[in-house]
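For reference, the chains in residue letters:
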Amino acid sequence: MSTPSRIKQLDERTIGHIAAGEVVERPAQVVKELVENSIDAGAKRINIDIERGGFDLMKITDDGSGIHEDDLPLSLDRHATSKLRSEEDLASIGTLGFRGEALASIGMVSKLGISSRPPNSEGRKIVMDNGDKGGIEPAGVAEGTCIEVSHIFMNQPARLAFQRRPATETSKIVDVVVAHAISHPEVGFRLTSDEKVILEVPAVEQMEDRLYDILGRQAGKMIELTSPSSDEGAPGDEKWSGWISTPDITRGKGDDIHVLINGRPVAAQPFLQSIRRGYRTRLMQGRHPVAVLLLELPTDEVDVNVHPTKREVRLRNSWRVLERLERSIAHTLESTPTEPESSGGITGITSLAPQTEERRVVEKPAWAQTAQISLTGEKPVEVQQKEKSRPISTAESSQTTITGQEAIAPALSIGERELHRHAGHETEDIDNTEPLGPVINDLPSMEPLAQFADSYIVVQADEELLLIDQHALHERVRYERLRNDESLWQAQKRISSVPLDLDARQIARLEARIDDLTGMGFIIDKSAGGYSITSAPALLSASELEPFMHDILLDMSEDGAPLETIEQRKDHLAFLNACRGAVKANEKLNISQMRRLLDDMRRIPNPWACVHGRPTAMRIPLNALDHHFGRHG
Ligand code: ADP
Ligand code: MG
């Protein structure tokens, strides 16, 4: 047995390094801490200048209260703060900072210079270089404070090795500044990166004006959050306000949902579910709205002291607060009048209001109803492809879906229905399409007999009669073709370039990933007038380009290879476009076109379901017909 190691109190410097590890993980966190300090100091104007993603320099200049000369050395000590006096104050924190750790931690892992000049005083400067504090020197600076952080993590090679690319860090820093700019409209912000202005918003009085400056055109589509009158007398002092987007403006991620608790930007994640629920069925699967949500509540009902970076907070009555949010969102969307839709976008709000539930049942696609009728009391008979002997059917009617699975699929989603409605009228020329790849399905020989109701192909397939939904099958076939046709993803020069309306964050991401975008077939031109797309994959129509680019840029906010995302995008686009060119119901097909579709069916994976998961075919086994006509036994 080895002897126990003895316990020793760590020295201050080591403790400082451990603490610094938590507070300063990456340059964007430094910017966050410094901007918060400037806001706490009552600044009306904050300039942020970064170089090489903050790795070379982060300089934050404000016109706030400044730091008293005698306090300068103290500001660099751990647990030294002007914002908290006693333990009791912890229960009601009104400032963004209070832990007194940021400057001390930053000074441990970089060269940190603080120059400050309070009103009616001289300017002074102090430097801390990787934990070593220097003396106080005179400095010729404007009223306020200027903090310079250079060479971060230079002495922490292990930490440096785990840092992201400068361009990625820049876009993260833009996120940080945007979050704070949204929460403090009364402060003007300017962010420059490598001397280029990335974001500049003047101080304004109204939050609406700030949203316009940050979100651009889309701010006009935001509606003000209201609460049901029944909530007014409800218990609890919490109050939600803010703006949410109409359901036609959505994002692939929740990145454009900003939540502020008593003015403090916090992570939106804990609120996403309630927000989605508030939108009810109005959001497509996997989509998120754009929202700025402000929660005001008594300071003793929120605990911000749960996380070193304060992004996470704890609420005393969290479920009540979340339910209120959900109700407010639902109420807001229900009480917004329908706008006549001009742009061919998603249907107006009221038409999607609660009565939709009823209508949906009526609108259930015909096949789903048929399938349900035919299934009364019986599950579909399991179909065994290989078995040649006639299965004995016991069902009253043995119509089953060919997959042998229960044919009850969800009704069309709103988005799907919209797609069907807006599907182009130009049908793909079936006879002249590229062949699909090798035969991969072992299907019986199939011979088209006729077309029924110009919608279904009647097919003889060995001992079965198949009724094939021509649209569903063609859609599936097109999906596979589009999915695998790389030529559609090659850059195609646009006759007229498509201008992009991008906000600061999107621009930062675009700049960061311009090479990836080129690899995907997008050529983006930057001119005095802004950014525009001059080349894009052939598959994308002009009107799709901008929304597509917004989504891609959101996806690119994540670190790591975007390839998976792009694969998903390819899927999604193939999905959207599959429907568009597919033959519709009520369209005549000749026998050769039907043959072609049946032949394609052998070359696609899962030919029995369309891209929406509904069956492409119904099969009626010969023995079922025999049974029906009393030819059995
Ligand atoms: P905290 O913000 O938690 O108090 P910091 O380490 O971030 O801790 O800052 C320490 C102290 O330095 C603050 O309490 C504040 O008094 C002072 N300070 C920091 N930045 C500024 C600034 N930009 N303007 C005025 N005072 C500042
Ligand atoms: Mg602070």
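Residues numbered from 1 in each chain as written. Chains lettered and ligands numbered in written order. Predicted model: local features only at pLDDT ≥ 70, side-chain atom pairs only at ≥ 80, totals over all residues. Heavy atoms only, no water.

1. Here we look at unusual backbone geometry
Part 1 of the argument: A positive phi angle, near 55°, is found at Ala453, a position not held by glycine.
Part 2 of the argument: One can find Ala453 in the loop between β20 (446-452) and β21 (456-461).
Part 3 of the argument: Despite not being glycine, Asn586 has its phi angle at roughly 65°, a positive value.
Part 4 of the argument: Here Asn586 falls in the exposed class, since its relative accessible area comes to 61%. (Helix = DSSP H or I, 4+ residues; strand = E, 2+ residues; numbered from the N terminus. Buried < 20%, exposed > 50% of the residue type's maximum accessible area, 1.4 Å probe, protein only.)

2. Description of the environment of Gly131
Part 1 of the argument: Residue placement: Gly131 occurs in the loop between β4 (124-129) and β5 (132-133).
Part 2 of the argument: A relative accessible area of 18% means that Gly131 is categorised as buried.
Part 3 of the argument: Each C-alpha atom of the pair Gly131 and Met108 lies 4.3 Å from the other, and the pair is 23 residues apart in sequence.
Part 4 of the argument: Filtering out sequence-adjacent residues up to four positions away, Gly131 remains in contact with Arg13, Gly107 and Met108. (Contact = heavy atoms within 4.5 Å.)

3. As for helix α7 (residues 207-215)
Part 1 of the argument: All of the buried residues along α7 are Met207, Arg210, Leu211, Ile214 and Leu215. Taken down its axis, α7 places every buried residue within 110° of arc, on the same side.
Part 2 of the argument: Of the residues flanking the end of α7, it is Gly216, one or two places downstream, whose phi is positive at about 70°. (Arc of directions from axis to C-beta.)

4. Thoughts on the pattern of salt bridges
Part 1 of the argument: Under the defined criterion, the tally for this structure stands at 29 salt bridges.
Part 2 of the argument: One salt bridge in this structure joins Glu69 and Arg124, with 3.1 Å as the shortest N-O distance. A residue pair is termed long-range when its members are at least 10 positions apart, and Glu69 in the loop between β2 (57-62) and α3 (72-75) and Arg124 in strand β4 qualify at 55 residues.
Part 3 of the argument: Judged by its relative accessible area of 34%, Glu69 falls in the partly exposed class.
Part 4 of the argument: Put simply, Arg277 and Glu326 hold a salt bridge, and the shortest N to O gap is 3.1 Å. On the criterion of sequence distance, the pair formed by Arg277 in helix α8 (residues 269-279) and Glu326 in helix α9 (residues 318-334) is long-range, its members being 49 residues apart.
Part 5 of the argument: Among the charged side chains, a network of salt bridges with common partners joins Asp175, Asp256, Arg505 and Arg509. (Salt bridge = Lys/Arg side-chain N within 4 Å of Asp/Glu carboxyl O.)

5. Here we look at the nonpolar core
In a soluble, globular protein the nonpolar side chains are often hidden away together inside.
Part 1 of the argument: Formed by 58 residues in total, the largest nonpolar core has its most connected members in Val31, Ile46, Ile48, Ile114 and Phe189.
Part 2 of the argument: Broken down by element, this core gets its largest block of residues, seven residues, from helix α6 (residues 166-183).
Part 3 of the argument: Once residues lying within four places of it in the same chain are set aside, the contact partners of Ile48 are Val31, Val35, Lys59, Ile60, Val177, Phe189, Arg190, Leu191 and Thr192.
Part 4 of the argument: Judged by nonpolar contacts, the second largest core, of 29 residues, contains Val498, Leu540, Phe548 and Met556. (Core = buried A, V, L, I, M, F, W, Y, C linked by side-chain atoms within 4.5 Å.)

6. Re the site of ligand 1
Part 1 of the argument: As a matter of local geometry, ligand 1 sits amid 19 residues, with Asn37, Thr81, Ser82, Lys83 and Gly100 nearest to it.
Part 2 of the argument: Contact distances for ligand 1 include 2.8 Å between an oxygen atom and a side-chain N or O atom of Asn37.
Part 3 of the argument: In isolation ligand 1 exposes 530 Å². Once the protein is present, 93% of that is buried.
Part 4 of the argument: Elements that contribute at least two residues to the shell around ligand 1 include exactly α2 (27-40) and α4 (102-108).
Part 5 of the argument: Tallied by class, residues from the shell around ligand 1 come to six nonpolar, nine polar and four charged. (Near = heavy atom within 4 Å. Polar contact = N/O pair within 3.5 Å; in protein donor to acceptor, adjacent residues only side chain to side chain. Areas by Shrake-Rupley, 256 points an atom, 1.4 Å probe, with all protein chains shown as cover. Nonpolar A, V, L, I, M, F, W, Y, C, P; charged D, E, K, R; others polar.)

7. A word on a negative patch on the surface
Part 1 of the argument: Judged by side-chain charge, Glu205, Glu208, Asp209, Asp213 and Glu224 come together as a negatively charged surface patch.
Part 2 of the argument: Looking at the negative patch element by element, the count peaks at three residues for α7.
Part 3 of the argument: Tracing the sequence through the fold places Asp213 in helix α7.
Part 4 of the argument: The partly exposed category is assigned to Asp213, whose relative accessible area is 38%. (Patch = residues over 30% accessible without salt bridge, like charges linked within 9 Å, V, L, I, M, F, W, Y side chains within 5 Å. Lys, Arg positive; Asp, Glu negative; His and termini not counted. Charge placed at Lys NZ, Arg CZ, Asp CG, Glu CD.)

8. Topic: the packing of helix α14 (residues 504-512) against helix α16 (residues 542-555)
Part 1 of the argument: Close contact between α14 and α16 brings their axes to 9 Å; oriented N to C, the two are set at 75°. The angle between α14 and α16 falls in the class roughly perpendicular. Here Gln506, Arg509 and Leu510 of α14 lie close against α16, whose contacting residues are His550, Leu553 and Leu554.
Part 2 of the argument: Taken together, the residues of the contact of α14 with α16 sort by class into three nonpolar, two polar and one charged. (Axes fitted to C-alpha atoms, helices over the stretch in contact; angles between N-to-C directions. Parallel < 35°, antiparallel > 145°, perpendicular 65-115°, else oblique.)

9. Comments concerning the packing of α6 against α14
Part 1 of the argument: α14 packs onto α6 with a crossing angle of 175° between their chain directions and a minimal axis gap of 8 Å. As far as their axial angle goes, α14 and α6 are roughly antiparallel. Contacts between α6 and α14 involve Ala167, Thr168, Ser171, Val174, Asp175 and Val178 on the former and, on the latter, Ala504, Arg505, Ala508, Arg509 and Ala512.

10. A look at the confidence of the model for the protein
Part 1 of the argument: Mean pLDDT over the protein stands at 80; residues scoring 70 or higher make up 83%.
Part 2 of the argument: A low-confidence stretch, residues 338-425 stays under pLDDT 50, and its non-local contacts, those more than four residues away or across chains, total 119 contacts. (pLDDT = per-residue confidence, 0-100.)

11. Describing the packing of aromatic side chains
Part 1 of the argument: Counting across every chain of the model gives one aromatic pair.
Part 2 of the argument: Geometrically, the ring pair formed by Trp240 and Phe271 is edge-to-face, given 5.8 Å between the ring centres and 80° between the ring planes. Of this pair, Trp240 sits in strand β11 (residues 239-245) while Phe271 sits in helix α8, placing them 31 residues apart in sequence. Like Phe271, Trp240 is buried. (Phe/Tyr/Trp six-rings, centres within 6.5 Å; stacked < 30°, edge-to-face > 60°.)

12. Things to note about the pairing of strand β26 (residues 617-621)
Part 1 of the argument: Buried residues dominate β26, accounting for four of its five residues.
Part 2 of the argument: Pairing geometry for strand β22 (residues 464-469) and β26, over five bridges, is antiparallel. Looking at β26, one finds that Leu466 is bridged to Arg619. (Pairing = 2+ DSSP bridges.)

13. With respect to the side chain of His258
Part 1 of the argument: Structurally, His258 is set in strand β13 (residues 257-261).
Part 2 of the argument: We classify His258 as buried; its relative accessible area is 9%.
Part 3 of the argument: In this view, His258 contacts Val178, Ala179, Ile182, Ala291, Val292, Leu293 and Arg505; residues no more than four positions away in its chain are not counted.

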